[in-house]
Every structure is written in C-alpha cells, then in structure tokens.
Amino acid sequence: MKIAFKFILIIAFSLYFHTSFSQNPIIEDFFTADPAPIVYNGVVYLYTSHDTASVTSTNYEMKDWLVFSSTDMVTWEYRGAPVSPQTFSWATGDAYAAHCTERDGKFYFYVSTFHKQDENSQGGAAIGVAVADSPTGPFVDAIGKALVVNEMTKDNEHGWDDIDPAVFIDDDGQAYIYWGNGSLKWAKLKNNMIEMDGPINILNPENFIEGPWVYKRNDLYYLLYASKGDKAEQIDYAISSSPEGPWEHKGMIMESVPNSFTVHPGVISYKGKDYFFYHNGALPTGGSYRRSICIDYMYYNEDGTIQKVIQTKEGVHAVQ
C-alpha cells in the first residue's frame with residue numbers, strides 16, 4: 001500500500017511539474033500557429049491556424065481553423081475546427097491567420113484565404129467573415145462574398161498582401177479592421193461588423209511584414225506586428241493616442257523564435273495578468289510549416305511602453 005501510494009505521489013508530482021514548469025508549447029496534439037485569443041464570460045478562447053504539412057513539405061498546408069478554451073491559462077480544451085475555407089463558397093486554398101471578436105452576443109470570425117477566379121475577383125488573397133452565436137460555432141459565411149479582395153488594394157504588386165486580419169472595437173463602439181503583408185491596411189467597420197465604413201488606408205510602419213494586432217491599454221493604443229529581423233521575423237510595436245494613428249515605432253519586443261521563420265502576436269489581459277501569445281517550431285518534427293503556440297508573461301513600464309518579452313519553455317503558471 002505504501003509503495004503504491006508513493007508511486008501515485010511521484011506520478012502526481014511529475015504531472016504537476018510538467019504542467020506548471022514546462023508548458024510551452026501549450027498544445028501538443030496539433031501543430032498550431034497564428035494565435036488569436038479573446039476573453040469572453042471569464043473564459044479564454046484561443047483561435048489558431050492549423051499546420052498539416054508533412055515533415056518534408058516545403059510550403060504551408062493549412063486546411064482549417066481550430067479553437068481551444070481555458071480558464072487557468074495552462075489546461076487547454078480542444079473545441080473543434082469550426083471554420084475552414086469550405087465555409088466560404090468563394091474561397092480556395094489554405095486557411096491563413098484569422099481573428100475572432102464578439103459584438104452584441106454574436107461572434108465574428110475574420111479569415112484570410114485565397115479567392116476563386118469569378119466575377120468578384122481574379123484571385124489572390126482575400127478576407128472573409130463568418131458569424132456564429134457561440135464562440136465555438138457553428139460559423140456560417142456572414143455576407144456570401146469576401147469582405148476584402150485583392151483588387152481593392154493596389155499598393156503591393158504581390159497577390160497575397162490581403163492576409164492576417166485583426167479586429168479592434170474601441171470604447172466608443174467604433175470597430176476597426178487591420179491586415180496586410182508588405183504594408184499595413186486598415187479601415188473602419190460598420191456596426192454590423194460585415195461592411196466597411198469608409199476607405200481602406202495604407203500605412204508602412206517601420207520594419208512591418210505582416211500579422212498586426214491592435215488593442216488599447218489605459219489611454220494608449222498598441223500596434224504589434226511581425227517585423228523584419230536579422231534572419232527571421234521578430235515582433236515590433238508602435239503606440240498611438242488613436243486607433244487611426246499616427247503610430248510611433250517603439251522597437252522590438254520579442255526576438256525571432258526557435259525553428260520558425262514566421263511569428264505572430266496575440267495579447268490578452270486575464271485575471272489580473274498580461275499574456276503574450278506567439279508561435280515557434282519547437283515541438284518534435286516541428287518547423288516553419290509545423291508550428292506551435294506558446295504563452296509567456298507580458299510586462300509594461302510605468303510610461304506604458306512594453307518590456308521585452310522573454311521566451312521560455314516554462315510558460316505561465318495556472319491561475320484560479
């Protein structure tokens with residue numbers, strides 16, 4: 001009996017140690033990327049891209065978007081794959097970075113994929129919107145066509161500049177959408193969340209590549225994005241007194257990640273702490289096309305500037 005009890009204690013301690021002190025990457029059953037966390041009714045919902053490329057693949061293979069949930073930032077429950085390019089009759093190709101937000105009890109899922117050649121577009125990257133009554137779906141195409149097609153933005157010659165949407169709703173209720181590769185695009189959204197409310201604006205933040213993330217803390221607005229590092233993407237940020245800019249570049253807050261050329265930020269405050277989500281290629285057989293999401297703590301200086309985010313294998317501790 002004593003031996004069995006001792007064995008149980010050893011197993012329990014091992015599980016606790018693994019959970020609490022060796023968390024990153026946080027999901028091991030899938031290769032996940034492009035984290036988009038939100039907090040709703042006391043629960044964190046994490047929307048992710050899903051890398052399905054083989055070990056020998058030389059390009060992305062991403063067939064759907066996944067969602068996970070947690071109430072302690074350590075235990076993540078898989079909640080399914082509620083959206084894929086097949087959700088949209090106009091879409092083709094892979095499921096690139098996406099973002100979900102809630103408004104008036106509905107959940108709007110903004111995706112980047114590619115557009116079929118038809119009367120609305122001759123192809124290229126496009127942004128669509130799906131809607132659901134629950135954060136885990138089921139989601140349906142909200143407008144029956146793309147919100148953004150390649151023909152709407154002409155500042156870049158390449159056809160994949162309309163990717164990586166991120167939506168921010170300001171305190172006054174005005175919604176904004178940001179996206180882009182090679183340049184940052186942004187526009188206002190109408191209250192229905194499925195129509196533009198004005199022109200598309202083009203910005204060129206310092207070192208910007210892709211993957212914008214916008215949020216407000218106190219009286220400052222923050223723009224985080226994947227930027228040009230020495231050999232691979234890193235995370236830079238800028239601040240402003242308005243979600244429309246102008247944006248003041250403040251520098252790099254996270255260096256390039258292990259075993260992945262890309263990186264993608266996501267930020268939330270939850271139960272009194274600030275969390276920074278990103279992806280790397282650290283899982284066994286991982287890499288730039290087989291990525292994995294991690295979480296580390298985020299800290300601010302008294303003036304609102306962001307301290308450098310330290311990447312750890314330990315990750316974050318469970319919260320109650």
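Everything below is about the structure printed above this text.
Here is what the cut-offs are and how they apply
Residues numbered from 1 in each chain as written. Predicted model: local features only at pLDDT ≥ 70, side-chain atom pairs only at ≥ 80, totals over all residues. Heavy atoms only, no water. Salt bridge = Lys/Arg side-chain N within 4 Å of Asp/Glu carboxyl O. Helix = DSSP H or I, 4+ residues; strand = E, 2+ residues; numbered from the N terminus. Buried < 20%, exposed > 50% of the residue type's maximum accessible area, 1.4 Å probe, protein only. Polar contact = N/O pair within 3.5 Å; in protein donor to acceptor, adjacent residues only side chain to side chain. Contact = heavy atoms within 4.5 Å. Pairing = 2+ DSSP bridges. Axes fitted to C-alpha atoms, helices over the stretch in contact; angles between N-to-C directions.

(A) A look at the pattern of salt bridges. Tallied over the entire structure, the rule returns ten salt bridges. Residues Asp161 and Lys185 are paired through a salt bridge, measuring 3.0 Å at the closest nitrogen-oxygen approach. Here Lys185 lies in strand S11 (residues 184-189) and Asp161 lies in the loop between strand S8 (140-141) and strand S9 (166-169), a separation of 24 residues in the sequence. Taken as a pair, Asp161 and Lys185 share a single burial class, namely buried.

(B) Unusual backbone geometry, seen in detail. The omega torsion of the bond from Asn24 to Pro25 falls at -5°, within 30 degrees of zero and hence cis. Structurally, Pro25 is set in the loop between helix H1 (2-21) and strand S1 (31-40). The residue Asp164 is not glycine, and still its phi comes out positive at about 60°. Summarising the element assignment, Asp164 is placed in the loop between S8 and S9. Backbone geometry places Met193, a non-glycine residue, at a positive phi of 70°. By the element assignment, Met193 lies in the loop between S11 and strand S12 (201-203). Its relative accessible area of 0% is what places Met193 among the buried residues.

(C) A look at the side chain of Arg103. Among the secondary structure elements, Arg103 is positioned in strand S5 (residues 91-103). A polar contact is formed between the side chain of Arg103 and the backbone oxygen of Gly173, at a distance of 2.7 Å. Setting aside anything within four residues of it in sequence, one finds Arg103 in contact with Tyr108, Ile169, Gly173, Ala175, Asn191 and Met193.

(D) Highlighting the sheet that holds strand S17 (residues 266-270). Strand order in the open sheet formed by three strands is S17-S18-S19, and the pairing between neighbours is antiparallel. The outermost strands of the open sheet, each flanked by one partner alone, are S17 and strand S19 (292-297). Going across the sheet, the axis of each strand differs from the next one's by a mean of 30°, ignoring polarity. Sheet topology note: the S17/strand S18 (residues 273-280) ladder contains five bridges and is antiparallel. Paired with Tyr270 across the bridge in S18 is Lys273.

Worth remembering: the numbers are spatial, not functional.
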